[in-house]
Amino acid sequence: MSLFRQRAFMLLFGADTISQVGTQVSLVALPLVAVVALRASAFEMGLLVAAETVAFLLIGLPAGVWVDRLRRRRILITADLARAVLLLSVPVAWWLGVLSMPQLYAVGLGAGVATVFFDVAYQSYLPSLVERDQIMDGNAKLEIVRSGAQVAGPGVAGWLVQLVTAPVAILVDAISFALSGALLAGIRSDRDPPSAQERRGLVKEIGEGLRFVLGHPILRMIAACTASANFANSMNNALAVLFLVNVVGVTPGVMGLLFAAAGVGGLVGAALVGPFARWVGSARAIWLSNLLTTPFLLLVPFTEDGRRLGLYAFAWFMVGIGIVVYNVSQLSFRQAITPGHLLGRMNATMRFLVWGVLPLGALTGGLLGEHLGIVPAIWIACALGPLSVLPLLLSPLRAMRDLPEPVSP
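Residues numbered from 1 in each chain as written. Predicted model: local features only at pLDDT ≥ 70, side-chain atom pairs only at ≥ 80, totals over all residues. Heavy atoms only, no water.

### Some points on the pattern of salt bridges
Selection criterion: A side-chain nitrogen of Lys or Arg and a carboxyl oxygen of Asp or Glu constitute a salt bridge if their distance falls within 4 Å. Put simply, DSSP H or I for four residues or longer makes a helix, DSSP E for two residues or longer makes a strand, and each gets a number counted from the N terminus.
Across all of its chains, the model carries four salt bridges by this definition. Glutamate 208 is the partner of arginine 345 in a salt bridge, and the nearest nitrogen-oxygen pair spans 2.5 Å. Here the residue arginine 345 occupies a position in helix H13 (residues 343-355), and glutamate 208 occupies one in helix H8 (residues 202-214), the gap between them amounting to 137 residues. Between aspartate 402 and arginine 401 there is a salt bridge; the shortest N-O distance is 3.0 Å.

### Brief notes about the side chain of asparagine 236
Heads up, the condition is: Working definition: with a 1.4 Å probe on protein chains only, accessible area under 20% of the residue-type maximum means buried, over 50% means exposed, and in between means partly exposed. Any two residues whose heavy atoms approach within 4.5 Å are treated as being in contact.
With respect to the secondary-structure elements, asparagine 236 resides in helix H9 (residues 219-248). On the basis of relative accessibility, which here comes to 4%, the residue asparagine 236 falls in the buried class. Setting aside chain neighbours within four positions, we find asparagine 236 in contact with Trp316, Ile378, Ala381 and Cys382.

### What about the packing of aromatic side chains?
Note the threshold: Pairing of aromatic rings covers Phe, Tyr and Trp, the last through its six-membered ring, and needs centres within 6.5 Å; plane angles under 30 degrees mean stacked, over 60 mean edge-to-face, and all others mean tilted. By definition here, charges over rings are those cases where NZ of Lys or CZ of Arg is within 6 Å of the ring centre and within 35 degrees of the ring normal.
Inspection of the entire model under this criterion finds four aromatic pairs. Measuring from centroid to centroid gives 6.0 Å for phenylalanine 9 and phenylalanine 13, while their planes differ by 35 degrees, and the two rings are tilted. Here the residue phenylalanine 9 and the residue phenylalanine 13 both occupy positions in helix H1 (residues 7-37), the gap between them amounting to four residues, near one helical turn. Judged by relative accessible area, phenylalanine 13 falls into the buried class, the value being 17%. Directly above the ring of phenylalanine 118 sits arginine 83, whose terminal nitrogen or CZ lies 4.6 Å from the centroid.

### Concerning the packing of helix H2 (residues 42-53) against H9
Note the following rule: To obtain each axis, a line is fitted to C-alpha atoms, and for helices this fit is confined to the stretch in contact; angles are then taken between N-to-C directions over 0 to 180 degrees. For this classification, under 35 degrees means roughly parallel, over 145 means roughly antiparallel, 65 to 115 means roughly perpendicular, and everything else is oblique. By convention, the crossing between two helices is left-handed when the near helix turns anticlockwise from the far helix through less than a right angle, and right-handed when the turn is clockwise. In this classification, the charged set is Asp, Glu, Lys and Arg, the nonpolar set is Ala, Val, Leu, Ile, Met, Phe, Trp, Tyr, Cys and Pro, and all remaining amino acids, among them Gly, are polar.
Running from N to C, H2 and H9 point in directions that differ by 130 degrees, and their axes come no closer than 9 Å. Between H2 and H9, the interaxial angle falls into the category oblique. With respect to the hand of their crossing, H2 and H9 are arranged in right-handed fashion. Of H9, the residues touching H2 (which contributes Ala42, Met45, Gly46 and Val49) are Ser234, Asn237, Ala238, Val241 and Leu242. A class-by-class count of the residues in the contact of H2 with H9 yields six nonpolar, three polar and no charged.

Keep in mind these values describe shape, not function.
And the structure:
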């Protein structure tokens, strides 16, 4: 049966669609509040991005244990509602005239904690809603949602900020998370969590997840590749608004359109991932997607106002294709080979390893931008991106055409 005829998947699909569009609005609006309204420096921007992602380092591993112990649907709903309340505080503080950078840091940190639980629970929940042979199809459809949101969200956010200010755009995001939670509440299926007698202690269960990922010759290299790419991208993210607004001189509306280029590439990638994996092989698709697209990042520092704005858009369009093909391929493989009772811990361990570097990348980008200048720091970030493929080229994937068969759940 088509996934679009399955009620539980469609509710998850709808919730994810609403949430992803709102998130993309916030990704543009929150930094713009800091830069335009609060005159944030490069280092303060690095701190803001770090605050949004440091939760993966602080609670990433325990979150996986809790996701395996609790009902995953309930975790998803709670995370959505928590993000709605936190983001709502930004426009309220703005209208009261008390908004500050410490509040933005706190909102970023709190929303980051909720995102840790949502992401780990969502990736662990999907395999229980679809048949095992539909996992890649389900991931591809949700990647289309994410990429479509990257197309629409930044463009909408840029013009919203220009027309009605950034806090109003963040209000839209808060509402989107509440609507997402309401849709998730309509899903009835969920697995029964393990009883208290089946639990073996927090540290032991965290250890099981770590041993599973780090002991697997392919998973640990995927983790190394993704962590390297995320570190470089986080440096870019900390500097992107400052680069485009202060160096290149674009308006918020144009900036939103430039950010949307990666989403357009993602839509293309989501359409290509199935045929591409069949053509080159499911193992080769993982490393080739990175090798063929990340070098386009080297076009970004050449961006200037005028015709050269297209360099920024084209670079991130190509990178967007590669990110989606890579993510769908490696995520589907991870979900397929992991026993059901370990899904939460496997996903949390991967998130801890690959997203735990995000605050480090953001702080590095902010510090380099502060001391070397925005453009030299952008050059360093863009040069690091293509190097992320090296762990994959040194892994068993390099000699394989297709990935191993999944284990039994």
